[in-house]
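Residue-level structural notes
Listed below are the residues making up each chain.
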Amino acid sequence: MSTEEQKATAFVGRLLDNPAIARYTPLQKEEQIIQFLNANSGQLAPTLQSNQFFPERSWTQILSILLNALMSRIDEELQKYLDQVFDRILNWDFVSFSSQNSAGVDACRDEVRTIVGELLERPDARRAFTGSFAAVYFGSARRYLDHIYSRRSYIHFELTKVQRLRMGKDQVQGLVDVSLLLKPVVHLLTTPGENPGAQGSGLIQPQYAENVVSHVRKKAPNLPEQALASAVHANMSFLDYGFVEATSRLASIFSARARNYAPGMKVDRGADSPDKSWLSIARRNYKFYGFDVKMLDELYSIAAENMW
Amino acid sequence: MRDKLVAILERIVVVAIILVLVQSFLEDLSQLLDWSWPTRRAILIGAFAFDLFFTIEFLSRFYFAFIAGRAGRYIFKERGWIDFVASIPLLLFSSGPLMIAIATGGAPLIGVGRVLNLLKVIKAIRIARILRLMRVLKIFQYIKHADSTMAQRHVSRITTLAVSIFVFVVFAASMVDVFVDLPGLDSDFRDGALGVAHFVDEEDLAAQDNRESLVRFAEHDSAILLVRDGAQTRYSRYSDEFYREYFGPADYTYVTSDDVGVFVDLRPLNRAQARESLLYFLLIVATIAGFLFIYGPHFAVTVSDPIHVMERGMNEHGYNLQARIPKKLAGDEVFRLASAYNHYFLPMKDRSEAGESAMSDLKMDDLSDFLDDREHKDSE
């Protein structure tokens with residue numbers, strides 16, 4: 001390791017050890033640090049260009065060195081989280097329900113893990129993966145599905161009668177979680193810096209979705225069709241395309257919600273709870289993001305009841 | 001160094017205010033419960049010491065404010081008027097005269113014609129003590145009871161207003177009572193004392209019958225403590241030990257004519273005054289507690305908290321918590337504004353920030369020691 005890399009690692013290590021971001025997932029920490037570096041470049045650049053750090057380097061070069069060190073550290077840390085998600089959090093039983101191939105579960109898990117590894121190598125996909133991963137890691141689907149199944153209201157109807165999922169709540173949760181993890185696959189067909197969907201919302205068109213499905217199908221032959229479609233369609237607007245599955249719609253909402261989710265966040269006195277606030281805003285912006293407003297209404301009601 | 005000294009002095013002032021409140025309470029309680037004179041004397045000396053301390057404090061603050069050209073600001077904006085009201089008048093009209101009485105060792109010897117004047121002076125002294133209650137406000141200004149400066153100022157102002165109005169109305173009404181004869185305990189007492197005084201003044205006490213009448217009269221008037229004829233005590237309600245143990249200079253007065261002197265008990269008046277003072281004290285403490293613990297939180301919930309949330313939402317990138325709107329208060333201007341913030345501003349902000357990262361929780365200060373440490377190591 002060169003001296004510069006050592007300095008960059010020490011600098012990044014110092015930021016990662018900050019208690020203010022301890023509660024986040026590694027990818028959220030990465031996003032926090034990138035945001036910090038960009039927001040404070042004016043103050044950081046003169047200091048980091050001094051003799052003690054990276055003399056004779058431009059800020060762009062320094063940023064590149066720091067980001068490499070950061071991603072390297074995050075990748076190391078992330079492996080433990082991914083192991084936990086793939087081996088303990090995710091429920092893969094839905095694979096057996098969706099295909100008759102009993103050996104498919106392990107193969108499917110390995111294929112999804114490989115695709116996730118590929119996504120993490122692409123900065124754009126990495127950013128898109130942040131919310132999805134946080135939603136899975138913090139158990140958004142599990143928290144809400146418990147209430148959705150006890151209420152047996154709109155979302156339950158959409159899952160069981162419209163999408164016709166003949167599986168239990170835990171399997172549906174697994175399907176939603178895998179949809180979340182694979183939602184960023186739409187970035188696999190883009191070049192760096194290119195946006196696969198609309199500016200801001202990131203919504204994609206059906207034709208592009210079909211291309212993605214075909215592309216990923218080759219990489220994950222054991223992944224149930226239902227799960228792949230659910231993951232890719234989670235990037236489409238429900239308002240424009242009514243066929244978007246209920247699991248996709250849920251994945252779309254949970255992914256967006258979890259992007260900046262921080263467990264145990266301190267709520268100001270006089271403010272609504274974080275989930276309730278987010279869902280209320282999402283209800284106002286459902287057209288912009290292509291969310292299913294009735295789903296948002298039900299999730300809002302659950303969040304309000306539970307003070308989430 | 002100077003700041004440190006000022007901080008130490010401010011702490012001493014806070015401690016003194018707390019102690020003086022305890023002292024004020026004990027002073028009235030000791031009067032009401034007829035504590036022994038040595039105990040009450042210690043409490044009264046304490047009162048004088050505190051009045052002297054707060055007078056010096058006020059004069060120092062005023063002096064430094066004056067030489068800094070901000071005397072007016074100190075008096076009117078920084079509650080200097082409370083410092084004044086709760087110091088100099090008390091020293092001059094309450095604890096000062098009492099200290100002189102304690103130092104000279106007895107009540108003033110007066111002629112009959114001066115009984116009325118004496119009662120007025122005693123009453124004025126007692127009324128001046130009401131101003132002590134303003135000291136509760138002095139401690140109030142040191143309490144940081146809300147995170148919001150607006151809540152702090154509003155609660156502080158309304159509390160000051162309520163307590164000041166209460167104290168000044170009581171003070172003014174009592175002063176009127178000094179100059180206008182109104183029926184009450186004071187007037188009853190005065191009439192009784194005057195009756196004895198006139199008897200002493202007008203009758204020929206050299207006559208045996210009159211002296212015996214005076215003794216019989218004294219036996220039936222509980223205000224009369226002792227009747228002395230020259231060196232001889234004609235009548236005494238209590239023993240000498242009792243007088244020594246329970247009577248101080250402000251507890252009696254002495255009316256004399258020729259060789260005959262009558263000692264009059266002022267304790268019933270003092271007890272009534274102490275009972276009133278305690279009631280006022282408790283009323284003020286309860287008023288302040290009410291503003292602090294009921295009105296303060298109410299103000300926070302209905303005004304400052306939603307404004308704080310909206311202010312953060314407008315200034316901080318990524319802050320998207322809604323202002324909570326209580327159903328019953330939805331029609332309030334603040335909550336109508338909060339509703340617009342929740343329903344229009346936040347969604348618009350969310351759309352404009354779509355795809356952007358949230359603001360980092362990291363701060364440049366978190367890195368300062370790391371950067372300084374590096375710089376230090378390299379310079380070595």
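First, a word on scope: everything that follows refers to the structure included in this document. (Residues numbered from 1 in each chain as written. Chains lettered and ligands numbered in written order. Predicted model: local features only at pLDDT ≥ 70, side-chain atom pairs only at ≥ 80, totals over all residues. Heavy atoms only, no water.)

**As for the overall build of chain A**
Within chain A one finds 16 helices and zero strands. Compactness check: chain A gives a C-alpha radius of gyration of 20 Å against a globular reference of 19 Å for 308 residues, within 12% of the reference. Each principal axis of the C-alpha atoms in chain A carries an extent, and together these give about 65 × 50 × 35 Å. Across the 308 residues that make up chain A, the buried fraction comes to 56%. (Helix = DSSP H or I, 4+ residues; strand = E, 2+ residues; numbered from the N terminus. Rg over C-alpha atoms; globule rule 2.2 N^0.38 Å. Buried < 20%, exposed > 50% of the residue type's maximum accessible area, 1.4 Å probe, protein only.)

**Things to note about a nonpolar patch on the surface**
Residue and element names in this part refer to chain B. A cluster of nonpolar side chains, contributed by Leu5, Ile8, Leu9, Ile12 and Phe53, occupies part of the molecular surface with about 430 Å² of accessible area. Take the nonpolar patch: its biggest share by element is four residues, from helix H1 (residues 2–32). Relative to the assigned elements, Leu9 resides in helix H1. Owing to a relative accessible area of 45%, Leu9 belongs among the partly exposed residues under this scheme. (Patch = residues over 30% accessible without salt bridge, like charges linked within 9 Å, V, L, I, M, F, W, Y side chains within 5 Å. Areas by Shrake-Rupley, 256 points an atom, 1.4 Å probe, with all protein chains shown as cover. Salt bridge = Lys/Arg side-chain N within 4 Å of Asp/Glu carboxyl O.)

**As for unusual backbone geometry**
All names here are of chain A. Positive phi outside glycine occurs at Glu56, with the angle close to 65°. Relative to the elements of secondary structure, Glu56 occurs in the loop between helix H3 (41–48) and helix H4 (59–89). A positive phi angle, close to 55°, is found at Arg164, a residue other than glycine.

**Examining the packing of aromatic side chains**
The geometry of an aromatic ring pair comes down to the distance between the two centres and the angle between the two planes. The full count for this structure, using the stated rule, is 34 aromatic pairs over all chains. Aromatic pair B:Tyr238 and B:Tyr243: ring centres 5.9 Å apart, planes at 80°, arrangement edge-to-face. We classify B:Tyr238 as partly exposed; its relative accessible area is 28%. Aromatic pair B:Phe242 and B:Tyr246: ring centres 4.9 Å apart, planes at 35°, arrangement tilted. In this pair, B:Phe242 and B:Tyr246 are both assigned in helix H11 (residues 240–246), four residues apart and thus about one turn of the helix distant. Cluster of aromatic residues (ring-pair linked, three or more members): A:Tyr81, A:Phe129, A:Phe133, A:Tyr137, A:Phe138 and A:Tyr261. For the cation-ring pair, A:Arg143 lies above A:Trp308, with the distance from its terminal atom to the ring centre recorded as 4.8 Å. (Phe/Tyr/Trp six-rings, centres within 6.5 Å; stacked < 30°, edge-to-face > 60°. Lys NZ or Arg CZ within 6 Å of the ring centre and 35° of its normal.)

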